[in-house]
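Survey of secondary and tertiary structure
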Amino acid sequence: MNRLLELPNPQRRAIDAINAIAAEKDLRPYLVGGPVRDLLLDRHAIDIDVTLEEGSSTLARALAKQIEGRVRSHPQFLTYKVTAEGFPEIDIATARKERYRSPGALPAVSAGKLKDDLHRRDFSVNALALDLLDGTLHDPSNGEADIREKLIRVLHDQSFVDDPTRIFRAVRLATRLGFTIESNTAALMREAIESEALKTVSRERVWRELFLAMDEHEAPAVLAALHQQGALDVLFGPRRVSDLEKTLERVRERIERDPNLDRYVIYTGLMLRGDASPIDFEGGGFSQKRARVVVEIANELPRFNEALDRVISERQRFRLYRGVSPEMLTVVAVERPDEMPRIDRWREFKQFTIPLRGNDLEVPSGPHIKKALERTREAVFNGEIEPDQARSYARAMAKKYLEREEQA
Ligand code: ATP
């Protein structure tokens, strides 16, 4: 298929290397799943997923050698991951059959044919394989037609019961691609949610899906849809959060501008708005410190806002800001337009430095030095003094604080 020629260069080189090895060793590799879907959609696939009925380990090892990379093997899933400098991540798998012994449990995996491998997949748009040697598209579930119609469709009625994490995948993919969840699939999804199918999956797996949702560019829409459909009740219990999508949307803009912000913490805090307790984020793997920030955002916003309303000086305001996390301040900034410029200014202040150190002050050492330097930084930043006055000002302040310490 000449669409392969449209791949960006690193992907193209990976496919060329795979094809050369396949010709030499008489192997039959297929590009499968997401990358084929994205090729048909003219979206650039990032990763390369290849499946073979036989010889996956031969291909993986020969490929790693040729492109000077390394192989990691996952024997329980019959898969290999090849990584090399300048190449995308390449997954090479043996075509496999899956059998769900009980709803929600991980499937039993065994080697199978290409058709088995496509049949085990989540949606028709992902059940596609492209023969890399002759360019034939294998499309047993009419995925290409669904791509044209922009539909997400499961392959059979038991799909969400077998693996309820597909509920998250369906919403994620539909939102990302601007597709609609086909009506029978949507009904099956609703049924699965109502019959609490997600309870058959560990909380850790549900959280993993939720974090993937938060990684999406369209995370606000994905999270709001999951919330609205009740898919998050299994983690958080039923709860109403008003204007969730709008708030998440505004917060996203700021998250995108500042990569230091912890978006998982912010989104989780906002979804738990009004009432968060540690039990809600069990399985999420948050450290204690991050969990505290989730609770801060979820539970302490009203009190923080009241305190802000009572503020009478800029210094008092900065003291309040200093007492909370940057993630909490991000939420405050988007919810209180009057506060936003001041919070931005505070952020600038946090980054602001003056070229002055304790030794420069020629004052006996002690806690007063740090206090004086901090007060000076504030004074320069606020324009109370000129930068070239910083040294003498800091010295005077240090002496003043020292006297106070001595009197106390
Ligand atoms: P993304 O761009 O999000 O990586 P992807 O479609 O490549 O999209 P992966 O999570 O990398 O998604 O999965 C690779 C392929 O494995 C999918 O295209 C799909 O065919 C299949 N797959 C993944 N998870 C499931 C699942 N829970 N049930 C069935 N098939 C799945």
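The structure this text deals with has already been given above.
Computed from a predicted model, the values in this text were never measured in an experiment. (Residues numbered from 1 in each chain as written. Predicted model: local features only at pLDDT ≥ 70, side-chain atom pairs only at ≥ 80, totals over all residues. Heavy atoms only, no water.)

1. Focus on the site of the ligand
Filter applied, for reference: Proximity is defined per residue: if any heavy atom of the residue lies within 4 Å of a molecule or strand, that residue is considered near it. Counting of polar contacts relies on pairs of N or O atoms within 3.5 Å, with two restrictions inside protein: one atom must be capable of donating a hydrogen and the other of accepting it, and residues adjacent in sequence are counted only when both atoms are side-chain atoms. Methods summary: accessible areas were calculated by the Shrake-Rupley approach with a probe of 1.4 Å, and residue burial reflects only the protein chains presented. Here a cavity is any set of points on a 1 Å grid over the protein atoms alone where a 1.4 Å probe fits but cannot get out, and a pocket is any open set with protein on both sides within 12 Å along at least 5 of 7 lines; a residue lines the site when it has an atom within 4 Å of a point. A cavity or pocket is said to hold a molecule if more than half of that molecule's atoms lie within 2 Å of its grid points. A run of H or I in DSSP counts as a helix once it spans at least four residues, and a run of E counts as a strand once it spans at least two, with each numbered from the N terminus.
Residues in contact with the ligand amount to 14 residues; listed here are only the nearest, Arg-37, Arg-121, Asp-163, Arg-166 and Arg-176. Between Arg-176 and the ligand, the recorded distance is 2.7 Å, taken from a side-chain N or O atom to an oxygen atom. When the free accessible area of the ligand is taken as 590 Å², the share hidden by the protein chains comes to 71%. Under a 2 Å grid-point criterion requiring more than half of the atoms, the pocket assigned to the ligand is the largest pocket. Taken together, the elements giving at least two residues each to the shell around the ligand come down to helix H2 (34–40) and helix H7 (165–177).

2. What about the sheet that holds strand S1 (residues 30–32)?
Quick reminder of the rule: Two strands make a pair as long as DSSP finds a minimum of two bridges between them. Residues are treated as being in contact if the distance between any of their heavy atoms lies within 4.5 Å. For helices, the fitted axis covers only the stretch in contact; all axes are lines through C-alpha atoms, and the angles between them, taken along N-to-C directions, range from 0 to 180 degrees.
With mixed pairing, the seven strands of this open sheet are ordered in space as S3-S4-S5-S2-S1-S8-S9. Single-partner strands in this sheet number two, and they are strand S3 (70–74) and strand S9 (137–138). Note that strand S2 (residues 48–52) and strand S5 (residues 90–94) share five bridges and pair parallel. Residue pairing across strands places Ile-48 opposite Ile-90, the latter belonging to S5. Here helix H1 (residues 9–25) sits on the sheet in contact with S1, S2 and S5, set at roughly 20° to S2.

3. Topic: the layout of surface pockets
Counted only if it meets this: Grid points are joined across faces, edges and corners, and a volume is the space filled by probe spheres set on the points. As a working rule, the residues Ala, Val, Leu, Ile, Met, Phe, Trp, Tyr, Cys and Pro are called nonpolar, Asp, Glu, Lys and Arg charged, and the rest polar, with Gly in that last group.
Empty space within the largest pocket amounts to approximately 1,900 Å³. When the residues that make up the lining of the largest pocket are grouped by side-chain class, the tally is 16 nonpolar, nine polar and 24 charged.

4. What to know about the environment of Leu-244
Relative to the helices and strands, Leu-244 is located in helix H12 (residues 244–257). Separated by 19 residues in sequence, Leu-244 and Ala-225 place their C-alpha atoms 9.9 Å apart. Those residues in contact with Leu-244 that sit more than four places away from it in its chain are Ala-224, His-227, Leu-270 and Met-271.

5. With respect to the nonpolar core
Spelled out, the test is: Put simply, buried Ala, Val, Leu, Ile, Met, Phe, Trp, Tyr and Cys residues joined by side-chain atoms within 4.5 Å make one nonpolar core. A simple rule labels every residue: compare its accessible area, found with a 1.4 Å probe on the protein chains alone, to the largest value its type can have, and call it buried under 20%, exposed over 50%, or partly exposed in between.
Counting residues in hydrophobic clusters, the biggest one holds 105 residues, and the most contacted among them are Leu-31, Ile-92 and Leu-210. A total of seven residues in this core trace back to one element, the largest contributor, which is H7. Those residues in contact with Ile-92 that sit more than four places away from it in its chain are Val-50, Leu-52, Ser-56, Leu-59, Ala-60, Leu-63, Leu-78, Thr-79, Tyr-80 and Val-82. With 17 residues, the next largest nonpolar core counts Leu-356, Val-363, Ala-379 and Met-397 among its residues.

6. A short note on the environment of Val-171
Relative to the helices and strands, Val-171 resides in helix H7. C-alpha of Val-171 to C-alpha of Asp-91: the two residues are 80 residues apart in sequence and 24 Å apart in space. Those residues in contact with Val-171 that lie beyond four places of it in its chain are Ile-181, Met-189, Val-222, Ala-225 and Leu-226.

7. Some remarks on the side chain of Thr-330
Tracing the sequence through the fold places Thr-330 in helix H17 (residues 326–335). In this structure Thr-330 comes out as buried when scored by relative accessible area, which is 0%. Separated by 2.8 Å, the side chain of Thr-330 and the backbone oxygen of Pro-326 make a polar contact.

8. Describing the packing of helix H19 (residues 367–381) against helix H20 (residues 390–407)
Stated formally: The cut-offs work like this: below 35 degrees is roughly parallel, past 145 is roughly antiparallel, 65 to 115 is roughly perpendicular, and the gaps in between are oblique. Handedness of each helix crossing follows the sense of rotation of the near helix against the far helix: counterclockwise by less than a right angle gives left-handed, clockwise gives right-handed.
One way to put it is that H19 packs onto H20 with a least axis distance of 8 Å and a crossing angle of 140°. Looking at the two axes, H19 sits oblique to H20. H19 and H20 meet at a crossing whose hand is right-handed. Contacts from Pro-367, His-368, Lys-371, Ala-372, Arg-375, Thr-376, Ala-379 and Val-380 in H19 reach Ala-390, Tyr-393, Ala-394, Met-397, Ala-398, Tyr-401, Leu-402 and Glu-405 in H20.

9. With respect to the pattern of salt bridges
In plain terms, the rule: Note on definitions: salt bridges are taken to be side-chain nitrogens of Lys or Arg within 4 Å of carboxyl oxygens of Asp or Glu.
Applying the stated criterion across every chain, the model contains 42 salt bridges. Residue Asp-134 pairs with Arg-28 through a salt bridge whose shortest N-O separation is 3.1 Å. Separated by 106 residues along the polypeptide, Asp-134 in the loop between strand S8 (129–131) and S9 and Arg-28 in the loop between H1 and S1 bring together distant segments of the chain. Accessibility expressed as a relative area gives 47% for Asp-134, which makes it partly exposed. The partner of Arg-315 in a salt bridge is Glu-378, with the nearest N and O atoms 2.9 Å apart. One end of the pair, Arg-315, is in helix H16 (residues 314–322); the other, Glu-378, is in helix H19, and 63 residues separate them in sequence. With a relative accessible area of 41%, Arg-315 lands in the partly exposed category.

10. Digging into helix H15 (residues 301–309)
What counts, and what does not: Starting at the helix axis, one direction is taken to each C-beta atom, and the arc is that of these directions.
Of all the residues in H15, the buried ones are Leu-301, Phe-304, Asn-305, Ala-307 and Leu-308. Along the long axis of H15, the arc covered by the buried residues comes to 160°, so they all point the same way. Seen from the buried face of H15, the exposed residues on the opposite side, beyond 90 degrees, are Arg-303 and Asp-309.

11. Digging into the pairing of S2
For a regular strand, side-chain orientation follows a simple rule: the groups alternate between the two sheet faces. In terms of burial, S2 is a largely internal element, four of the five residues being buried. Inspection of the sheet shows S1 paired to S2 by two bridges, in the antiparallel sense. Looking across to S2, one finds that Leu-31 is bridged to Val-50.

12. Quick notes on the environment of Ile-369
In this structure, Ile-369 sits in helix H19. Residue classification places Ile-369 among the buried positions, given a relative accessible area of 10%. Along the backbone, Ile-369 and Ala-398 are 29 residues apart, and their C-alpha atoms lie at a distance of 5.5 Å. Excluding its chain neighbours within four sequence positions, the residues that come into contact with Ile-369 are Gly-358, Leu-361, Val-363 and Pro-364.

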